[in-house]
Number of protein chains: 2
Amino acid sequence: MIHRVLASELSAHVGETVQVSGWLHRRRELKHVTFLILRDRTGLTQAVVPGGTEEGGRAQDIPEETVVSFTGVVTANEQAPGGIELLAPPSGPQIEVLSSPAATPPLDVYRPTVTASLPTILDGAPVTLRHPRLSAPFQLTAASIAGFRTALDTLGFTEIHTPKIVGSATESGANVFALDWFGRPAYLAQSPQFFKQAMVGVFERVYETGPVFRAEPSDTARHLAQYTSLDAEFGFITDHRDVMAVVREVLAGMVGAVAERAAPAVELLGVRLPKVPEKIPEIHFSEAMAMLGLDEPDLSPADERTLSEWALREYHSEFLFVTGYPMVKRPFYTHAEPERPKYSNSFDLLFRGLELITGGQRLHKYEDYVAALAARGESTEPYEGYLSAFKHGMPPHGGFALGLERWTMRLTEADNLRRTTLFPRDLHRLTP
Amino acid sequence: MIHRVLASELSAHVGETVQVSGWLHRRRELKHVTFLILRDRTGLTQAVVPGGTEEGGRAQDIPEETVVSFTGVVTANEQAPGGIELLAPPSGPQIEVLSSPAATPPLDVYRPTVTASLPTILDGAPVTLRHPRLSAPFQLTAASIAGFRTALDTLGFTEIHTPKIVGSATESGANVFALDWFGRPAYLAQSPQFFKQAMVGVFERVYETGPVFRAEPSDTARHLAQYTSLDAEFGFITDHRDVMAVVREVLAGMVGAVAERAAPAVELLGVRLPKVPEKIPEIHFSEAMAMLGLDEPDLSPADERTLSEWALREYHSEFLFVTGYPMVKRPFYTHAEPERPKYSNSFDLLFRGLELITGGQRLHKYEDYVAALAARGESTEPYEGYLSAFKHGMPPHGGFALGLERWTMRLTEADNLRRTTLFPRDLHRLTP
């Protein structure tokens, strides 16, 4: 039996008769020969079928995206893509059709560039994503999340899996999806925040990589109703700077993993991999406002772009920490800046003009939580389960969350988060 | 500045003055001395505070679960747990309280065994899970999922992240959670089945590790409304046996990762790590029925236990594949057994008496899907997005799903899935 060989492995099999399986990416008919370009998960293979044969005739009738196996002799040919092609074996070319398409794809998977509109791409995702330029971002994503986990594993973190269904819509109040829970109301979790904090009391250092849900009522290029949140939280910190130091390590791990594990996708898309400085530059929110000539409680998207450009000019860094966001704009569990309690021990990380990570130090004393909720006019009752962790001794701790699809969006410099999200969910889109 | 040293690192610092931080696990007062046992993420450290000093007096007032730092001299002492203890430095003992508890835990975290009831453990999870015996299963889980991913990464799989909110309750009909999606009905995904199959058309080999949701109306020890599903799917298979071969590699990877990454938890719990045979024994459903003297379309939990015992006796294996389940009990996308179409190219994996994995070969031709739905009296319309993948050429493929918490349940031989699920969700439990 002849075993399947992948496109990327062919050069090690010159002279052998092998089987290559994949999709018929493109068929090119010349006068005396038909070229079949097969696509498998590692790349393209050119197979040559002589004309004037039965197989040659058959080859002309096979439409693109047919799933085929081709048995042939691996042959070096400088003219062929990659310097290798498959020629018909002495017994004649062997093409086996495994599965035939029943329709024409909404875009030509074989064309080097994609001209289809975003809705066309998204509506036809099960097939349009076969285009190498459209699937490549998801290889960057897979490498990135592996890098995230490895960086944190190395630092002694434990991976956790927490509930996505919660009993009260507490964390931000707005933008939650309501659910029918055996006849009772429940809600989709907007983040694992409360759970990951509680687990600091158990494992000290935890992370979770999973879906979070925001009922975003607005249609923007950078918000979706579900995204993959890379969350980390850890104890025994001095302040938010310890969290920022871990963020730096994680980013370096992610970029390193992309370079190592997704090199073909990086090359295909011409991705500019960012340098992660030993120390990512930072600016305090109050200084940022002074520099921008503003006096606002938060940064607008335009402000974030301006600050990113400044960091690139000033520090040659595509990353910038903005620290000390005003407490009024941060959640109740945020730890204030000890000297200037109007500001917080928190940060955002901007990457290429966009907020990628939010993090900071959290309150860790039970009485501080009670006071923080009282100051916001909130009852402690809906937070009872959450607060129980702090009743029993919690260390100073902090953490951060990174939007995975947003990371890949900025990495590929895409214009829309939907290009780096598999089957995105938004105000209008619930299928495919 | 004296840096923090972890309990597990102390033996490398004998003679040095170091700081150990953690929770006060246990305080033991003798006549002339107080022992403070500190707990950090790596284990326990004994610190010795002489009586008759100011610090000695203070030490007597610190309740268990207080978060403390202790600065002392690392000293070898055969009598001490682990052969190491911290003695007061020349300048006198230094205890810093980082955070004091505001309540007494619902169980004594320091006792070697746990006598609290399951509801007590679950209600107080943010603090009860600090008990080393109660947190250890989650270290097995973290190691297991890492092993799952590494095994599949090695085999060329790509990790994906798919929607947890879907537009129609198609996959099984029953037991879905309904959701208010911007005023429209939507549902929580019961599995990533349709998405992972579609992505076989893109990456050939994919996996996802994420939450799935089942509105289980019954209260059992082995069902929950949310669990972590480890899903894999891949193309260019001959039949379900290729899937079973990957399952075997994945299980070996998981057991290996547990042994390597979670050795302390294995030891603490006395976990019997299973041997994964080079070839896991298998029995066809029809043979199993004959052996059991039954003629049913499915196996009962008792049947599964009987078969597991048989495999242990016959093959010394704690794993058993049952293949060829009747088509009537399998979903519409299941591939029939070519020679006996009443049976399917599917399998369950039993592990220590319990079904752990379900998998098999799927249909891959569009026309077969149309026929399968018609045979069940179903319209293709709600499946349109899903079926579009098959319209465009899909290879023979298959896959499997493994319940992560159930795996750890059997690994630890726990009596209830709630002992290996962080903050479980069921018919009655929506908090903490």
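S.K.: Is there a simple way to explain the overall build of chain A in this structure?
M.R.: The number of helices and strands found in chain A is 12 helices and 17 strands. Overall size of chain A, expressed as C-alpha extent along the three principal axes, is 85 × 55 × 40 Å. In chain A, buried positions account for 51% of the 432 residues. In chain A, once contacts between residues fewer than 6 apart in sequence are set aside, the share between residues at least 24 apart is 64%.

S.K.: Please explain the environment of Val68(B) as it appears in this structure.
M.R.: All names here are of chain B. Relative to the helices and strands, Val68 resides in strand E4 (residues 67-76). Owing to 22 C-beta atoms within 10 Å, Val68 belongs among the buried residues under this scheme. Sequence-distant contacts of Val68, that is, excluding residues within four places in its chain, are made with Leu24, Leu38, Ile62, Ile95, Glu96, Val97 and Leu98.

S.K.: When you look at the nonpolar core in this model, what are you seeing that I'm missing?
M.R.: Considering soluble globular proteins, one finds that nonpolar side chains tend to be buried as a cluster. Counting 232 residues, the largest nonpolar core has Val247(A), Val322(A), Leu349(A), Val247(B), Val322(B) and Leu349(B) as the members making the most contacts within it. If we ignore the near neighbours within four places in the chain, the residues touching Leu349(B) are Val247(B), Phe319(B), Phe321(B), Leu356(B) and Ile357(B).

S.K.: Would you take a moment to explain the confidence of the model for chain A for this structure?
M.R.: Detailed reading of the predicted model is not advised wherever pLDDT is low. Within chain A, residue pLDDT values average 95, and 98% of them lie at 70 or more. Interface predicted TM-score (ipTM) for the complex: 0.97; the corresponding pTM is 0.97.

S.K.: Quick question: what am I supposed to make of the pairing of strand E3 (residues 43-50) of chain B here?
M.R.: The two faces of the sheet receive side chains in turn, since in a regular strand these alternate between them. Residues and elements named next belong to chain B. Across 8 bridges, the pairing between strand E2 (residues 33-40) and E3 is antiparallel. Counted as the bridge partner of Leu38 is Thr45 from E3. Between E2 and the antiparallel strand that follows it, E3, lie 2 residues. Here E3 runs beside strand E5 (residues 84-87); their pairing, made up of 2 bridges, is parallel. Along E5, the bridge assignment pairs Gln46 with Glu85.

S.K.: Can you walk me through the sheet that holds strand E16 (residues 354-362) of chain B in this structure?
M.R.: Hydrogen bonds along the backbone pair up the strands of a sheet, which may run parallel or antiparallel. Residues and elements named next belong to chain B. On the basis of which strands lie adjacent, the open sheet formed by 8 strands has the order E7-E11-E12-E17-E16-E15-E14-E13 and mixed pairing. At either margin of the open sheet sits one strand with a lone partner, and together these are strand E7 (158-159) and strand E13 (282-284). Against the sheet, helix H9 (residues 301-315) engages E13, strand E14 (319-323), strand E15 (346-351) and E16, with an angle of about 120 degrees to E14.

S.K.: Could you clarify how one ought to interpret the sheet that holds strand E16 (residues 354-362) of chain A in this entry?
M.R.: Residues and elements named next belong to chain A. Spatially, 8 strands are ordered E7-E11-E12-E17-E16-E15-E14-E13 in an open sheet, and the strand pairing comes out mixed. Here the strands that pair on one side only, and so sit at the sheet edges, are strand E7 (158-159) and strand E13 (282-284). The pairing of strand E12 (residues 226-235) with strand E17 (residues 397-403) spans 7 bridges and is classified as antiparallel. Bridge pairing in E17 links Glu233 to Gly399. In this fold helix H6 (residues 240-261) packs onto E12, strand E14 (319-323), strand E15 (346-351), E16 and E17, with an angle of close to 140 degrees to the strand it touches most, E16.

S.K.: So what exactly am I meant to see when it comes to the relation of the copies chain A and chain B here?
M.R.: Note on the chain copies: they are related by a rotation about an axis and a translation along it. It takes a turn of 180 degrees to lay chain A on chain B, together with a shift of 0.0 Å along the axis; the resulting RMSD is 0.0 Å. Here the copies are linked by what is in effect a two-fold axis. Measuring from the rotation axis to each C-alpha of chain A, the shortest distance belongs to Leu179(A), at 2.3 Å. An overlap of 100% is found between the interface residues of chain A and their copies at the interface of chain B, pointing to a shared contact surface.

S.K.: Hey, could you run me through the interface of chain A and chain B in this one?
M.R.: Taken together, the contact between chain A and chain B spans 74 residues of the former and 74 residues of the latter. Of the residues in the side of chain A that touches chain B, the class split is 39 nonpolar, 22 polar and 13 charged.

S.K.: Would you mind showing me how to read unusual backbone geometry here?
M.R.: Of all residues except glycine, most have a negative phi; of all peptide bonds, most are trans. Looking along the chain, the bond that leaves Thr431(A) and enters Pro432(A) is cis, with omega of -10 degrees. With respect to the helices and strands, the residue Pro432(A) is situated in the segment after helix H12 (404-411). With a phi close to 75 degrees, Glu65(B) is a non-glycine residue in the positive phi region. As for its placement among the helices and strands, Glu65(B) is situated in the loop between helix H1 (54-59) and E4. Although it is not a glycine, Arg352(B) adopts a positive phi angle of roughly 50 degrees. By the element assignment, Arg352(B) lies in the loop between E15 and E16.

S.K.: What am I meant to see in the domain arrangement of chain A here?
M.R.: Note: interface size is frequently given as the accessible area lost on complex formation between the parts. Segmentation of chain A into domains returns domain 1 (7-99) and domain 2 (125-420). Just the C-alpha atoms count here: the centres of domain 1 of chain A and domain 2 of chain A sit 47 Å apart.

S.K.: Would you mind showing me how to read the environment of Val271(A) here?
M.R.: All names here are of chain A. Tracing the sequence through the fold places Val271 in the loop between helix H7 (263-269) and E13. Accessibility expressed as a C-beta count within 10 Å gives 20 for Val271, which makes it buried. Separated by 141 residues in the primary sequence, Val271 and Thr412 place their C-alpha atoms 5.7 Å from one another. Those residues within four positions of Val271 in sequence are excluded, and the remaining contacts are Leu140, Val266, Leu411 and Thr412.

S.K.: Is there a simple way to think about the environment of Leu179(B) in this case?
M.R.: Tracing the backbone shows Leu179(B) in strand E9 (residues 178-181). Note: C-alpha distance between Leu179(B) and Gly167(B) (12 residues apart in sequence) is 9.8 Å. Not counting residues up to four positions away in its chain, the partners in contact with Leu179(B) are Phe177(A), Leu179(A), Ile165(B), Ala186(B), Tyr187(B) and Leu188(B).

S.K.: I would appreciate a short explanation of helix H6 (residues 240-261) of chain B in the present structure.
M.R.: Taking 1.5 Å per residue, 22 residues should reach 32 Å; H6(B) reaches 31 Å between its end C-alpha atoms and fits that length. Among all positions in H6(B), only His240(B), Val243(B), Met244(B), Val246(B), Val247(B), Val250(B), Leu251(B), Gly253(B), Met254(B), Ala257(B) and Val258(B) are buried.

Rules used throughout
- Residues numbered from 1 in each chain as written.
- Chains lettered and ligands numbered in written order.
- Predicted model: local features only at pLDDT ≥ 70, side-chain atom pairs only at ≥ 80, totals over all residues.
- Helix = DSSP H or I, 4+ residues; strand = E, 2+ residues; numbered from the N terminus.
- Buried ≥ 20, exposed ≤ 12 C-beta atoms within 10 Å, placed from the backbone.
- Contact = placed C-beta atoms within 7 Å.
- Core = buried A, V, L, I, M, F, W, Y, C linked by C-beta atoms within 7 Å.
- pLDDT = per-residue confidence, 0-100.
- Pairing = 2+ DSSP bridges.
- Axes fitted to C-alpha atoms, helices over the stretch in contact; angles between N-to-C directions.
- Least-squares fit on C-alpha atoms with pLDDT ≥ 70 in both.
- Nonpolar A, V, L, I, M, F, W, Y, C, P; charged D, E, K, R; others polar.
- Domains from an automatic or database assignment.
- Expected span 1.5 Å × (residues − 1).

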